[in-house]
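# Coordinate analysis (summary)
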Amino acid sequence: MKHTKIVDLLTGKNLLHEVKAKGWVRTFRNNQFIALNDGSTINNIQCVVDLDKFPAELLKKIHTGAALSVTGTLVESQGAGQTVEIQVNKLKVYGEANPEEYPIQPKKHSLEFLRENAHLRVRTNIFGAIMRVRSTLSYAVHKYFQENGFFYFNAPIITGSDAEGAGEMFRVTNLDLNNLPRTEEGNINFKEDFFGKTTNLTVSGQLEAETYAMALGSVYTFGPTFRAENSNTSRHLAEFWMIEPEVAFNDLDDNMDLAEDFIKYVIKYTLEKCQDDLVFLDKRLQDEEKNKPQAERSGMSLLEKLNFVVENNFKRVSYTEAVDILRNCKPNKNKKFKYIIDGWGADLQSEHERYLVEKHFKCPVILFDYPAEIKAFYMRMNEDGKTVRAMDILFPGIGEIVGGSEREERYDVLVEKMKAMGIEEEELWWYLDTRKFGTAPHSGFGLGFERLVLFATGMTNIRDVIPFPRTPQSAEF
Ligand code: 4AD
Ligand code: MG
């Protein structure tokens, strides 16, 4: 007999039939009640064991974490909190989990402790919920783009270019470290990396995606990206997943419309599909909030926050307007910003971004038309000669979730800009070809997938929303 997923058993449609479930023990109460979970849902199925039917030797093997197969009759449950349960007739233990050694016991573990056990933490309710939400969000990403005429484009992972021009790349090499090639001066000849070329792990698939948008019209990437920045914050990873749509003939306004519509869609989809997990995460967050001082509490539950984003327009504000607000505001009763904005042109720090979103506008904000100096080389210059057609989307509790722009499609302007920023034309000859042959206005953006998962789950540390986080301090697994 084939086993049935617990999520399907809990619907009760097999009531009074013989069923089989396979999963891992969450708890074994009074030597009689097994709470079994198979990952298909946050909910366990209760399996009731009649002591007299099974040898004590077998029951002794049932502990939290053990893998089981149970066969029995699905009946209505008398117990609180569940509608059905299995009256067990047959029981098989696949693998035990010695309680002296197994780290995941039925008690509250700290997130730090669980990070140290990244290979086992998904066996807890909280990480099961997060990873199911993550999976659903991924599916929604593809669903949105596929249903809106976009083609999925696989950007290369190993590239020769630095898409952001920020120099934050991990080099890729096939050099024999015991026998490094040397220049005539005796220095290591890195030019011979990767079969004679200098290469790195991609920091963004954008430049390659632009070449495809110039033929397929609308494309999107969704893949891993790498940044060798030494940022030990709760918002940065060295390896993260990025979604990057790129659309021919879109201007910056179209780009903002796309980003807003896309984010609303994936959150709405997840609200519909992950109800049980989101209700659990919501409750967790409310318990956390209770321990915070009143002033730091957000005032909205997770579900309210998600619904708010889906139902309300994002506020669109130019960089210049935002700077005016920040220069004239009182961030706190008696506290100033750590970095004071005293002139036009400075990059905003996360404290400023969060002030705008959380205190001033109290909704997601799209900032646009940033100073050219603080943005990447490929962004389209505005008529004022000072600002570029850039946009960042800022989210409550997260800060920047999206970075994007209308691209500089004018060959001469782009070449000038690259020169000014010290980017070699030879390095990006293929990119410049898109501007030489059939160039056209186009726009796109990058959304950091983990930042979206952070928002959707109400978690606060990015290390908790990716299975095996890579940060400057942790790449153990
Ligand atoms: O703003 P960024 O650097 O933009 C780009 O890479 C563009 N090429 C995107 C494009 O226009 N196609 O990164 C985009 C987003 C950020 O807004 C942030 O959400 C996320 O990627 N991000 C990170 N997420 C986690 N860890 C990091 N170290 C991140 N760096 C960027
Ligand atoms: Mg950015």
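Residues numbered from 1 in each chain as written. Chains lettered and ligands numbered in written order. Predicted model: local features only at pLDDT ≥ 70, side-chain atom pairs only at ≥ 80, totals over all residues.

Of regular secondary structure, the protein chain possesses 14 helices and 16 strands. With respect to the three principal axes, the spread of C-alpha positions in the protein chain is 85 × 60 × 45 Å. Taking all 477 residues of the protein chain together, 37% fall into the buried category. Excluding contacts between residues fewer than 6 apart, the proportion of contacts in the protein chain whose partners are at least 24 apart in sequence is 69%. (Helix = DSSP H or I, 4+ residues; strand = E, 2+ residues; numbered from the N terminus. Buried ≥ 20, exposed ≤ 12 C-beta atoms within 10 Å, placed from the backbone. Contact = placed C-beta atoms within 7 Å.)

If you walk across this open sheet you meet the eight strands as β6-β10-β11-β16-β15-β14-β13-β12, and the pairing is mixed. What marks the edges here is a single partner per strand, and that holds for β6 (151–152) and β12 (315–318). With five bridges joining them, strand β15 (residues 399–406) and strand β16 (residues 442–448) adopt antiparallel strand pairing. Across the sheet, Gly 404 pairs through a bridge with Phe 445, a residue of β16. (Pairing = 2+ DSSP bridges.)

Turning next to the confidence of the model for the protein chain. Across the protein chain, the average pLDDT comes to 93, with 98% of residues at 70 or higher. Interface confidence in the predicted complex, given as ipTM, is 0.99; pTM for the same model is 0.95. (pLDDT = per-residue confidence, 0-100.)

Once that is clear, we can look at the environment of Ser 318. Relative to the helices and strands, Ser 318 resides in strand β12. The class of Ser 318 is partly exposed, set by 14 C-beta atoms lying within 10 Å. With 198 residues separating them along the chain, Ser 318 and Leu 120 place their C-alpha atoms 45 Å apart. Setting aside residues no more than four positions away along its own chain, Ser 318 makes contact with Phe 368 and Asp 369.

Split into domains, the protein chain comes out as domain 1 (6–104) and domain 2 (125–168 + 203–464). On a C-alpha basis, the centroid separation for the pair domain 1 and domain 2 is 44 Å. Opposite the four residues of domain 1 that make contact, domain 2 presents six residues. Residues that form the side of domain 1 that touches domain 2 fall into these classes: one nonpolar, three polar and no charged. (Domains from an automatic or database assignment. Nonpolar A, V, L, I, M, F, W, Y, C, P; charged D, E, K, R; others polar.)

Another point: the sheet that holds strand β4 (residues 67–76). The five strands lie next to each other as β1-β2-β3-β5-β4, forming a closed barrel whose pairing is mixed. Between one strand and the next, the sheet's axes are offset by a mean angle of 55°, whatever the strand orientation. Of the strand pairs in this sheet, strand β1 (residues 18–29) and strand β2 (residues 33–37) are connected by five bridges, and their pairing is antiparallel. The partner of Val 25 across the bridge, within β2, is Leu 36. (Axes fitted to C-alpha atoms, helices over the stretch in contact; angles between N-to-C directions.)

This part takes up the packing of helix α10 (residues 319–327) against helix α11 (residues 350–361). Interhelical geometry of α10 versus α11 gives an angle of 80° and a closest axis separation of 11 Å. Judged by the angle between their axes, α10 and α11 are roughly perpendicular. Residues Ala 322, Ile 325 and Leu 326 of α10 lie in contact with α11, whose contacting residues are His 352, Tyr 355, Leu 356 and His 360. A breakdown of the residues in the contact of α10 with α11 according to their chemical character gives five nonpolar, two polar and no charged. (Parallel < 35°, antiparallel > 145°, perpendicular 65-115°, else oblique.)

Here we come to helix α14 (residues 449–457). Among the nine residues of α14, nine are classified as buried, and the element is accordingly described as predominantly covered. Count one or two residues on from α14 and you reach Gly 458, which has phi positive near 75°.

Here the phi dihedral of Asn 30 falls at roughly 50°; this positive angle occurs in a residue that is not glycine. Unusually for a residue other than glycine, Asp 369 sits at a positive phi of about 55°. Within the secondary structure, Asp 369 is located in strand β13 (residues 365–371).

This next bit is on the environment of Gly 345. As for its position among the elements, Gly 345 is in the loop between α10 and α11. You can call Gly 345 partly exposed: it has 14 C-beta atoms within 10 Å. Placed 59 residues apart in sequence, Gly 345 and Gln 286 show a C-alpha to C-alpha distance of 39 Å. Residues within four places of Gly 345 in sequence aside, it is in contact with Pro 371 and Glu 373.

The element helix α6 (residues 206–216) is extensively covered by neighbouring structure, given that eight of its eleven residues are classed as buried. Every buried residue belonging to α6 is among Gln 206, Leu 207, Glu 208, Ala 209, Glu 210, Tyr 212, Ala 213 and Met 214, and all of these are buried. On its buried side, α6 packs onto β10 (218–226), β11 (239–248), α13 (429–436) and β16.

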